[in-house]
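# Descriptive structure summary
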Amino acid sequence: MRNVTIENVTDLVIGSLGQHEPIPERQREIMTALIRHLHGFCKDVNLTHAEFMQACDYLGRAGALCSHKRQEFILLADILGVEVLVDMLSNPVQGNATISTVLGPFFRENAPVMPKGASTVQKAFEGQETVYVEGYVRDTEGNPIPDAIVDVWEDAPNGLYENHDPEQPDYNLRGRFETDRNGHYAFRAIRPVPYPIPGDETAGELIRYMGHHCMRPDHIHMMVNREGYRPLISQIYDSSSEYLDNDSVFAVKEELIGEFRKAPEGADTDLVLRFDFVLPRQEASGRVAAE
């Protein structure tokens, strides 16, 4: 180790793994790959020390931004397409099961539990379009799944989630709904609008460095959970959105595009949206999403 060179430094670092304290094999696998790829990246771009220091400063500033209201590293992972990749690796498509996509940085735990058909809207916005959302949660054989929890959240017509907007009531446009014995769920909400992921601070720096825009297509987040079934984290996209083909976080899946239709005469909302979910049994999945 006294003679560290460009040629041997990677192997020396990998060789140190577990040298003084045993580590699990999975941990060794992860660290070995990380070291090889990280060292390879530095060599590929011939990284300068000034660039290295800039990167350290950048990561430090990103960490300082993290709070219960903003998870900057999830934003950075989204911009780089890492979260959607990890989600696809963790949740491979199984037959007719509903496909998953990213959790994103705006989820909040403990949204209010509401009766079926209730509205998540606590504050009205000028020009908003209300929507009645309904559907069924079934297993892969078509059987209804009762008592499943459908956790929903979305942005307001001003493009902001309530935890980023001090003018919105706490947990506005968020709620948890339980399916009935037929697996049916329903709630009332607002038609989502396209919005920019936070373009300030380090997330904005990264997306500008990439030369990409920061817009996301209109969508409603939905998380579906029922004991005995694989948890589902997904998003339902508005078929009319202009950003379906160039989402800033690469999370759109064709199967998750829904159609917001005009509500029938006499309805108490402007629009209706029907979307069904199919969950595989837990034992059919080798791995569950870490989120």
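The protein chain goes by Hydroxyquinol 1,2-dioxygenase in an unreviewed UniProt entry, where it is assigned to Paracoccus yeei. Under Cofactor (unreviewed entry), UniProt gives the following word-for-word description of the protein chain: "Fe(3+)". Word for word, the UniProt comment on the protein chain under Sequence similarities (unreviewed entry) is "Belongs to the intradiol ring-cleavage dioxygenase family."

To continue, consider the packing of aromatic side chains. With the rule as written, the count across this model stands at eight aromatic pairs. Ring centres of Phe275 and Phe277 lie 5.3 Å apart, and the angle between their planes is 55°; this geometry places the pair in the tilted category. Grouping residues by exposure puts Phe275 and Phe277 together as buried. Here the aromatic cluster, defined as three or more aromatic residues joined through ring pairs, consists of Phe177, Tyr185, Phe187, Phe275 and Phe277. Of note, Arg108 hangs over the ring of Tyr171, and the distance from its end group to the ring centre comes to 3.9 Å.

Membership of the largest hydrophobic core comes to 42 residues, with the highest contact counts inside it found for Val133, Val137, Tyr185, Phe187, Met222, Val224 and Phe277. Look past the residues within four positions of Phe277 in its chain and what remains in contact with it is Thr98, Tyr136, Val137, Arg138, Tyr185, Met222, Val224, Leu232 and Ile236. Counting residues in hydrophobic clusters, the runner-up holds seven residues, among them Phe106, Trp153, Met223 and Ile233.

Among all positions of helix 5 (residues 82-90), only Glu83, Val84, Asp87 and Ser90 are buried. Projected onto a plane normal to the axis of helix 5, the buried residues spread over an arc of 130° and lie on a single side. Looking at the buried residues of helix 5, the elements they touch are helix 4 (72-79).

Glancing now at the domain arrangement of the protein chain. In terms of domain boundaries, the protein chain breaks down into domain 1 (8-47) and domain 2 (73-278). Domain 1 and domain 2 are separated by 38 Å when their C-alpha centres are compared.

This brings us to the packing of helix 4 against helix 6 (residues 201-210). Orientation of helix 4 relative to helix 6, taken along the N-to-C sense of each, is 10°, at an axis distance of 9 Å. One way to sum up the angle between helix 4 and helix 6 is to call them roughly parallel. Seen along the crossing, helix 4 lies across helix 6 with a hand that is right-handed. Contact with helix 4, carried on its side by Glu72, Leu75, Leu76 and Ile79, involves Glu201, Thr202, Ala203, Leu206, Ile207 and Met210 of helix 6 and no other residues of that element. When the residues that make up the contact of helix 4 with helix 6 are grouped by side-chain class, the tally is seven nonpolar, one polar and two charged.

A few words now on the sheet that holds strand 8 (residues 232-238). Spatially, five strands are ordered 3-2-7-8-9 in an open sheet, and the strand pairing comes out mixed. Pairing within the sheet leaves two strands with one partner each, and these edge strands are strand 3 (174-178) and strand 9 (257-258). Relative to strand 3, strand 2 (residues 149-153) runs antiparallel, the two being bridged by five bridges. Pairing of Val150 across the sheet is with Phe177, part of strand 3.

Rules used in this analysis
Residues numbered from 1 in each chain as written. Predicted model: local features only at pLDDT ≥ 70, side-chain atom pairs only at ≥ 80, totals over all residues. Heavy atoms only, no water. UniProt positions renumbered as here; feature names shortened; annotations may be inferred. Phe/Tyr/Trp six-rings, centres within 6.5 Å; stacked < 30°, edge-to-face > 60°. Buried < 20%, exposed > 50% of the residue type's maximum accessible area, 1.4 Å probe, protein only. Lys NZ or Arg CZ within 6 Å of the ring centre and 35° of its normal. Core = buried A, V, L, I, M, F, W, Y, C linked by side-chain atoms within 4.5 Å. Contact = heavy atoms within 4.5 Å. Helix = DSSP H or I, 4+ residues; strand = E, 2+ residues; numbered from the N terminus. Arc of directions from axis to C-beta. Domains from an automatic or database assignment. Axes fitted to C-alpha atoms, helices over the stretch in contact; angles between N-to-C directions. Parallel < 35°, antiparallel > 145°, perpendicular 65-115°, else oblique. Left-handed = near helix turned anticlockwise from the far one by under 90°. Nonpolar A, V, L, I, M, F, W, Y, C, P; charged D, E, K, R; others polar. Pairing = 2+ DSSP bridges.

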